[in-house]
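So the chains spell out like this:
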Number of protein chains: 2
Amino acid sequence: MNETLRLMQAHRSNRSYKTDPVSEQMLDQIVEAAYRGPTSVNSQQVSLVVVRDRAKRARIAEIAGGQPWIAQAPVFITVIVDFHKTRLGVEKAGETQVAHESLEGVVAGTLDAGIALGNLMTAARSLGLGIVPIGGIRRDPQAMIDLLQLPPLTFPVAGVCVGYMAEEVPQKPRMGISSFRHDERYDQEALPSLIAAYDETLMQYWQQIGRPDGVPWSMRVAEYYQKAYFSKVRPVAVKQGFLCDK
Amino acid sequence: MNETLRLMQAHRSNRSYKTDPVSEQMLDQIVEAAYRGPTSVNSQQVSLVVVRDRAKRARIAEIAGGQPWIAQAPVFITVIVDFHKTRLGVEKAGETQVAHESLEGVVAGTLDAGIALGNLMTAARSLGLGIVPIGGIRRDPQAMIDLLQLPPLTFPVAGVCVGYMAEEVPQKPRMGISSFRHDERYDQEALPSLIAAYDETLMQYWQQIGRPDGVPWSMRVAEYYQKAYFSKVRPVAVKQGFLCDK
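Think of each chain on its own: its residues are numbered from 1, step by step along the sequence as written. For this description, chains carry letters from A and ligands carry numbers from 1, given in the order in which they are written. Residues qualify for local features only when their pLDDT is at least 70, as the model is predicted, and side-chain atom pairs are given and counted only at 80 or more; totals for whole chains, interfaces and linings, by contrast, use all residues.

**Quick notes on the pairing of strand β4 (residues 154-163) of chain B**
All names here are of chain B.
Okay, so step 1: Partly exposed residues are those whose C-beta has more than 12 but fewer than 20 other C-beta atoms within 10 Å; with 20 or more the residue is buried, with 12 or fewer it is exposed, and the C-beta atoms are placed from the backbone. Here a helix means four or more residues in a row that DSSP labels H or I, a strand means two or more in a row labelled E, and each is numbered from the N terminus. Buried residues dominate β4, accounting for 10 of its 10 residues.
Okay, so step 2: For two strands to count as paired, DSSP must find a minimum of two bridges between them. Sheet topology places strand β2 (residues 75-82) next to β4; 8 bridges connect them, and they run antiparallel. Of the residues in β4, the one forming a bridge with Ile-80 is Pro-156.

**Notes on the sheet that holds strand β1 (residues 46-51) of chain A**
To summarise the sheet geometry, strands pair through backbone hydrogen bonds and adopt either a parallel or an antiparallel arrangement.
Okay, so step 1: Spatial ordering of the open sheet is given by β3(A)-β4(A)-β2(A)-β1(A)-β5(B), a layout of 5 strands whose pairing is mixed. Each having just a single partner strand, β3 (130-134) of chain A together with β5 (181-183) of chain B make up the two edges of the open sheet. Here the average twist between neighbouring strands, direction ignored, is 25°.
Okay, so step 2: Alignment of β1 of chain A against strand β2 (residues 75-82) of chain A, held across 6 bridges, turns out to be antiparallel. Residue pairing across strands places Val-50 of chain A opposite Ile-77 of chain A, the latter belonging to β2 of chain A.
Okay, so step 3: Throughout, a residue-residue contact means that the two C-beta atoms, derived from backbone geometry, are no farther apart than 7 Å. What counts as an axis is a line fitted to C-alpha atoms, over the stretch in contact for a helix, and the angles between N-to-C directions run from 0 to 180 degrees. Relative to strand β4 (residues 154-163) of chain A, helix α6 (residues 103-126) of chain A is tilted by about 10°, and along the sheet it contacts β1, β2, β3 and β4 of chain A.

**A word on the packing of helix α10 (residues 233-240) of chain A against helix α6 (residues 103-126) of chain B**
Okay, so step 1: At a minimum axis separation of 8 Å, α10 of chain A and α6 of chain B run at an interaxial angle of 85°. Viewed along their axes, α10 of chain A and α6 of chain B adopt a mutual orientation that is roughly perpendicular. Here α10 of chain A contributes Val-233, Arg-234 and Ala-237 of chain A to the contact with α6 of chain B, which in turn contributes Leu-103, Glu-104 and Val-107 of chain B.
Okay, so step 2: Its residues assigned to classes, the contact of α10 of chain A with α6 of chain B comprises 4 nonpolar, no polar and 2 charged. Oblique is the label for every angle not falling under 35 degrees (roughly parallel), over 145 degrees (roughly antiparallel), or within 65 to 115 degrees (roughly perpendicular). Side-chain classes follow a simple rule in which Ala, Val, Leu, Ile, Met, Phe, Trp, Tyr, Cys and Pro form the nonpolar group, Asp, Glu, Lys and Arg form the charged group, and the remainder, Gly included, forms the polar group.

**Quick notes on the relation of the copies chain A and chain B**
Put simply, the two copies of the chain differ by a rotation about an axis and a shift along that axis.
Okay, so step 1: We superpose the copies by least squares over the C-alpha atoms of residues that have a pLDDT of at least 70 in both of them. At an RMSD of 0.0 Å, chain A and chain B line up after a rotation of 180° and a shift of 0.0 Å along the axis. Taken together, the rotation angle and the small translation identify this as a two-fold axis. Identified as the residue of chain A closest to the rotation axis by C-alpha distance is Gly-114 of chain A, at 2.0 Å.

**A few points about the interface of chain A and chain B**
Okay, so step 1: With 105 residues of chain A in contact, the opposing surface of chain B contributes 105 residues.
Okay, so step 2: For the side of chain A that touches chain B, the class distribution of residues is 52 nonpolar, 31 polar and 22 charged.
Okay, so step 3: Both strand β5 (residues 181-183) of chain A and strand β1 (residues 46-51) of chain B contribute to a ladder of 3 bridges, which runs parallel. Bridging across to β1 of chain B, Asp-183 of chain A finds its partner in Val-50 of chain B.

Right under this line is the structure:
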């Protein structure tokens, strides 16, 4: 196994940071790894906003529902689905952009944003830094749009904290790999027993790391997924131009 | 710079493969890199279907609009947003899942799928293999659902060819990095000149690699984005349960 595989397979999210700054040189390398990732039809419909400003990070920590590590880690990078950039291109070619109104547009843009986010995380970890991806900015996407001065046809889909780790953390166990990898066709049969086994594995893990408030996976997912949580995503996306009606 | 950064920064898509098989051991390592990636609220709402079968790959090549490299490369991995798995968990906890009906659900699932897809690509490239991500399966998502026997509440968002490269290819230039990286706030001002410069850069690139049919970036994006291309994404997503009405 090589170092790149080892890094990705050892992925973990860190929520405790030193305040030491991340050098510009490191940050350039991390951003470049995301910049060189592929995008659907070479649209380059992803952008980043790098925030170092302490007050802005404190505000983002609030927006994300009170996540103190965003204020603590010296860098926060927001990943943006960016159909503003493509619209300028389409208009330069004398046409009118429609793709952002389709669900396909949202899916293609978000997939590309995911690739970029993954690359940011792997790149930062390859330099010995810690990271934690933050979906919680979607609690209040309009506040992020205002804070980062994002134009219409853009949407902040996620962010990531980057900084020196205050401590190493263990990797959270995953559900059995046959719940993830299927061969030739999707196989539903094993899922119920894999879920039951994982609920137990996760409870043992919570016990091991001294988290008596930990709950089984199925209970935790139910807590979030019994409702349309982050319910402002749809209205703000529509307001930004992502109508999702095509 | 380390090898992991170099790999991501040297990303390129390969469309010419040898027929030599990829070993199970390598495939296990590649899949494990995606398996260990993070997911929103630890939902693990991503699954893969690994296809080696020659006839199935030939069919996927057709579905994707006639992409011969899918039939040529020995492995094709489809990345699936999987709210079937989470529904089983939610129901085990005695609740009813609603999140898949929200746009937030689609965004969160697709973002996680993007992270997994990026990890698959970086992992394969770290082993000296070539890859090309395939969004074209979204031309006809129902055909992929039928072929891979995907249950309701799942959606095939993209795939990736994996195999030994028949030849190395150059990296396509990107638009100037200030179109991608913003600091502290989004800066719109430089975009028009960056797009104009990139249109020229790309034309020079097409000339260098002997592609007289190459067009400027803005013209290419206009060709796709003046319409809601892959227009079956929305109806098939809705049919699968992703109503996007919340």
